Amino acid sequence: MNEIEQDLQERIEALEIKSAYQEDTIDKLNTVIIEQEGRINTCERTMKLLVDKLKELQPNTSASFDQQEIPPHY
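Residues numbered from 1 in each chain as written. Predicted model: local features only at pLDDT ≥ 70, side-chain atom pairs only at ≥ 80, totals over all residues. Heavy atoms only, no water.

Asks: How should I be thinking about the overall build of the protein in this particular structure?
Replies: Tallying secondary structure elements over the protein gives 1 helix and 0 strands in all. Burial statistics for the protein: of 74 residues in total, 0% are counted as buried. Of the roughly 7,500 Å² of accessible surface on the protein, 58% is carried by carbon and sulfur atoms. (Helix = DSSP H or I, 4+ residues; strand = E, 2+ residues; numbered from the N terminus. Buried < 20%, exposed > 50% of the residue type's maximum accessible area, 1.4 Å probe, protein only. Areas by Shrake-Rupley, 256 points an atom, 1.4 Å probe, with all protein chains shown as cover.)

Asks: Whenever I open this one, the pattern of salt bridges confuses me. Can you help?
Replies: Where charged atoms from two side chains of opposite charge approach closely, those side chains can pair. Considering all chains together, one arrives at 2 salt bridges under this definition. Across the salt bridge formed by K28 and D24, the nearest N and O atoms sit 3.2 Å from each other. Linking K28 with D24, this pair stays in helix α1 (residues 3-67), spanning 4 residues, or about one helical turn. Assessed through its relative accessible area of 54%, K28 is described here as exposed. We classify D24 as partly exposed; its relative accessible area is 35%. When the shortest N-O distance is used, the salt bridge between D52 and K48 registers 3.0 Å. Taken together, the positions of D52 and K48, both in helix α1 and 4 residues apart, correspond to about one turn of that helix. Overall, K48 belongs to the exposed group, its relative accessible area being 53%. (Salt bridge = Lys/Arg side-chain N within 4 Å of Asp/Glu carboxyl O.)

Asks: Just to check I follow, could you spell out a negative patch on the surface for this structure?
Replies: A cluster of acidic side chains, namely E3, D7, E10, E13 and E16, defines a negative patch on the protein surface. Inspection of the secondary structure puts E13 in helix α1. Looking at E13, the relative accessible area reads 40%, which means it is partly exposed. (Patch = residues over 30% accessible without salt bridge, like charges linked within 9 Å, V, L, I, M, F, W, Y side chains within 5 Å. Lys, Arg positive; Asp, Glu negative; His and termini not counted. Charge placed at Lys NZ, Arg CZ, Asp CG, Glu CD.)

Next comes the structure, spelled out in structure tokens:
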């Protein structure tokens, strides 16, 4: 092999190595994104449950304030 062919072969090998590392990084990032999507969905469901619960409690809270007697000094 002459010098030019050897140089090209080394450059191709370097590119293949970089490509392999990039594929690994992309796979890891994809895994993280999938995990985060699950966490976000869980947070959204929890937030909705909390909002619904607060909406249920809100009328009861305001009604209890209306039903309280005004202190005599008013």
